[in-house]
Amino acid sequence: MIRPRWQALKPQHGLFSWRRWDQAIAVIAAVNLTWVAIDLTYIPLRNFWLQRNLYPVPSLPLVVPLPWLPDITPWLDPLKGIEPHRDTEAYLKAYTALDRALQQNGPRTAESTDLLQQQVARTTALMDSNPFISSGQAGALEKFKNRLRARTGLESARDSANLLLSPEHLERSPWSQERQFWSQQILPLVESNYWRSIDENGRPSDLSWRIDTPFQLLFLLDILLRAWRLKQRYPTIRWRDALLRRWIDLPLLLPFARWLRVVPVTERLCGAGLLQLEPLRAVISRGVVALLAVELFEVIAVRVVDALQQLIRSPQLPERVRGLCSYQSSDLNDERELIELLRLWLPLLLTRIGPAMRPQLQAVISHLVQESLDRNVVPDALRRLPGLQNAESEFSRQLAESMVTSVLDLSKGAGNRIGQRDPVLESLGSEALDRLWEELAHTLEQGPVLSRSQDLLVALLEEIKRSSFRQIRDQGDVDALISELDGLNFNPGRPTPKDQA
């Protein structure tokens, strides 16, 4: 294949290797993709990052603690405009004071009784006002109520709160046991609530662009450097084309649809040699190609056969045949190309291929001559004479040899003559081709030949189409095709004689 002129390679000078740079940018892009994934999922998963607890079955109080994960909420909450909700924050502060008083003085002191009454009032107010709606966690309040009911066995969540925070209940059940229930099942639900500010556009505040902007500037610099490197390698390429070569990096610069960055990041990691996805790509492409190959072949075959059938059914078929004549064509190159093709192949057939088949031609003609003599010339009574059959064979051989020699000598002379450029011969050949197309078109126009030929050809194409589809369907499904490909790719070939030795 000819290389485009703008891809003329220019020798590179300099000792600086860009591979280290590409690897560093690929690692930075992977870090940025990790940050984007955390940023996009932080609001839905804030409870997980806040508590670092995994609930395999949400309907059951089964908790898998993950204390080794870092607490990122102090850094990301300000970027998202998240602040503690004043109602739930006051509830948590009141619970801390109640917990301290109960641990130090017990439930029967005046201070503890007053704090218990205040906590009951705050719990009831929390149920009435439902501050969880502002953060989109209305389900947390329902969990709050259900756990209070399950703890006491009562149908009312308010009555359950009054019972659990009463001095009489705390005398029967020590606060050390009740404290575990509140701290593990109730307070995490209250801590999950928050308040998020609104910006001037009426949208929730989001300052994550402050972290993303340095990455985008670095990616823009890298894209420009890659375009410059391509310009250095192919000097005649335009800057616009060099930049368009890096169209896959566009998601790295977009402030929206940032999840699309997985495509350029994967491409950079593979290009830098830090990630090997070729086996996965081969498996996926094999499955997709095997799935689409059969249907694609069927569609193409139907279109081709239908086009041929429409061409054959056309009443203008004789005119199309007549249009092959040289005087009907507007482009003289078509006729010249056909004549040149005949002038190239006819000498080969007459001077090389024909003489190479001399023994086969002699055997065929000798056999035909001997069969003709046996049937038409020699009587049955003379066939029993000794030596007559050998004489017939020799006569047939000599006659066939002389006939083939004469024909081949004539064909060699004709082939050598055709191989030479002869204006008169070219004119005669052009007239012969024109006469052939004219006679063929005239024959098609006379009588029922055209309609009958069209019906037969269309029926033949229809049968070919149906038989081909049946054969494709009988070859097996996609799984069988993939298994066959795996067998061809992964099974070792037959051992060579060298390997056997």
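Residues numbered from 1 in each chain as written. Predicted model: local features only at pLDDT ≥ 70, side-chain atom pairs only at ≥ 80, totals over all residues. Heavy atoms only, no water.

## Overview of the overall build of the protein
Move 1: In terms of regular secondary structure, the protein is built from 21 helices and four strands.
Move 2: Going through the 501 residues of the protein one by one, you find that 30% of them count as buried.
Move 3: Sequence-distant contacts in the protein: of pairs separated by 6 or more residues, those separated by 24 or more amount to 68%.
Move 4: For the protein, the computed accessible surface area is about 33,400 Å², with 60% contributed by carbon and sulfur atoms. (Helix = DSSP H or I, 4+ residues; strand = E, 2+ residues; numbered from the N terminus. Buried < 20%, exposed > 50% of the residue type's maximum accessible area, 1.4 Å probe, protein only. Contact = heavy atoms within 4.5 Å. Areas by Shrake-Rupley, 256 points an atom, 1.4 Å probe, with all protein chains shown as cover.)

## Focus on the packing of helix α6 (residues 138–152) against helix α9 (residues 175–191)
Move 1: It is the contact of α6 with α9, at a shortest axis distance of 9 Å, that shows an interaxial angle of 160°. Taken together, α6 and α9 sit at an angle that is classed as roughly antiparallel. Regarding α6 and α9, the two cross each other, and that crossing is right-handed. Between α6, through A140, K143, F144, R147, L148 and R151, and α9, the contact on the second element is made entirely by Q177, E178, F181, W182, Q185, I186, L189 and V190.
Move 2: A class-by-class count of the residues in the contact of α6 with α9 yields eight nonpolar, two polar and four charged. (Axes fitted to C-alpha atoms, helices over the stretch in contact; angles between N-to-C directions. Parallel < 35°, antiparallel > 145°, perpendicular 65-115°, else oblique. Left-handed = near helix turned anticlockwise from the far one by under 90°. Nonpolar A, V, L, I, M, F, W, Y, C, P; charged D, E, K, R; others polar.)

## Section: the pattern of salt bridges
Move 1: Summed over all chains, the structure comprises 19 salt bridges.
Move 2: Between D77 and R46 there is a salt bridge; the shortest N-O distance is 3.0 Å. Of this pair, D77 sits in helix α3 (residues 73–79) while R46 sits in helix α2 (residues 46–51), and the two are 31 residues apart along the sequence. Each member of the pair D77 and R46 is classed as buried.
Move 3: For R158, the salt bridge goes to D128, with nearest N and O atoms at 2.3 Å. On the criterion of sequence distance, the pair formed by R158 in helix α7 (residues 157–164) and D128 in helix α5 (residues 110–129) is long-range, its members being 30 residues apart.
Move 4: Its relative accessible area of 38% is what places R158 among the partly exposed residues.
Move 5: Residue class for D128 comes out exposed when judged on its relative accessible area of 51%.
Move 6: One network of salt bridges, in which partners are shared, links D22, D222, R226, R229, R246, D249, E267 and R268. (Salt bridge = Lys/Arg side-chain N within 4 Å of Asp/Glu carboxyl O.)

## Digging into the confidence of the model for the protein
One rule of thumb: low pLDDT means the predicted coordinates there are not for detailed reading.
Move 1: The predicted model of the protein averages 76 in pLDDT, with 70% of residues at 70 or higher.
Move 2: pLDDT under 50 marks residues 495–501. Its contacts with residues more than four places away, or in other chains, come to one contact. (pLDDT = per-residue confidence, 0-100.)

## A word on the environment of D77
Move 1: Under the relative-accessibility criterion, D77 is labelled buried at 11%.
Move 2: Aside from chain neighbours lying at most four places away, what touches D77 is Y42, R46 and I82.
Move 3: Among the polar contacts listed, one links the side chain of D77 to the side chain of Y42, at a separation of 2.5 Å. (Polar contact = N/O pair within 3.5 Å; in protein donor to acceptor, adjacent residues only side chain to side chain.)

## Structural notes on a nonpolar patch on the surface
Move 1: A surface patch of nonpolar side chains, about 550 Å² in accessible area, is lined by L344, W345, L349, I353, M357 and L361.
Move 2: Sort the elements by how many residues they give to the nonpolar patch and helix α15 (residues 332–356) lands first, with four residues.
Move 3: Note that I353 resides in helix α15.
Move 4: We classify I353 as partly exposed; its relative accessible area is 37%. (Patch = residues over 30% accessible without salt bridge, like charges linked within 9 Å, V, L, I, M, F, W, Y side chains within 5 Å.)

## Digging into the nonpolar core
Move 1: Of all hydrophobic cores here, the largest spans 28 residues; its most connected members are F144, L148 and W182.
Move 2: Counting residues per element, the ones that place at least two in this core are α4 (86–105), α5, α6, α7 and α9.
Move 3: Ignoring anything within four residues of it in the chain, the contact list for F144 reads Y91, T123, L126, M127, I186, L189 and V190.
Move 4: W35, Y42, W49 and L79 belong to the second-largest nonpolar core, a separate cluster that totals nine residues. (Core = buried A, V, L, I, M, F, W, Y, C linked by side-chain atoms within 4.5 Å.)

## Describing helix α12 (residues 262–271)
Move 1: All of the buried residues in α12 are P264, V265, R268 and L269. Considered in projection along α12, the buried side chains sweep an arc of 135° and stay on one side of the axis.
Move 2: Buried residues along α12 sit against α1 (19–41) and α10 (209–233). (Arc of directions from axis to C-beta.)

## Remarks on unusual backbone geometry
Move 1: Phi is positive for N130, close to 50°, though the residue is something other than glycine.
Move 2: By the element assignment, N130 lies in the loop between α5 and α6.
Move 3: In this model, A257 sits at a positive phi of 50°, which is unusual for a non-glycine residue.
Move 4: Its location among the elements puts A257 in the loop between α11 (239–244) and α12.
Move 5: On the basis of relative accessible area, A257 is assigned to the partly exposed category, the value being 31%.

## Overview of the packing of α6 against α7
Move 1: Put simply, α6 and α7 touch, their axes get as near as 9 Å, and they point 60° apart. Judged on the interaxial angle alone, α7 and α6 are oblique. Handedness of the crossing formed by α6 with α7: left-handed. For the pair α6 and α7, the contacting residues are K145, L148, R149, R151 and T152 in the first and A157, S160, A161, L163 and L164 in the second.

## Considerations on the packing of aromatic side chains
Move 1: Per the counting criterion, the structure on display carries four aromatic pairs.
Move 2: Ring plane angle 75° and centroid distance 5.9 Å describe the contact between F181 and W182, whose orientation is recorded as edge-to-face.
Move 3: For F181, a relative accessible area of 4% translates into the label buried.
Move 4: Taking the centre distance of 6.5 Å and the plane angle of 35° together, the rings of F215 and F219 count as tilted. With F215 and F219 both in helix α10, this residue pair falls four residues apart, about one helical turn. (Phe/Tyr/Trp six-rings, centres within 6.5 Å; stacked < 30°, edge-to-face > 60°.)

## Brief notes about the environment of Q276
Move 1: Tracing the backbone through its elements, the reader meets Q276 in the loop between α12 and α13 (278–313).
Move 2: In this structure Q276 comes out as exposed when scored by relative accessible area, which is 60%.
Move 3: Considering only alpha carbons, one finds Q276 and T266, 10 residues apart in sequence, at a separation of 9.6 Å.

## Re α10
Move 1: With 25 residues, α10 should cover 36 Å at 1.5 Å per step; its first-to-last C-alpha distance of 35 Å lies within 8% of that length.
Move 2: Within the sequence span of α10, burial applies to D212, F215, Q216, F219, D222, I223, R226, A227 and L230.
Move 3: Looking at the buried positions of α10, the neighbouring elements they touch are α1, α11 and α12. (Expected span 1.5 Å × (residues − 1).)

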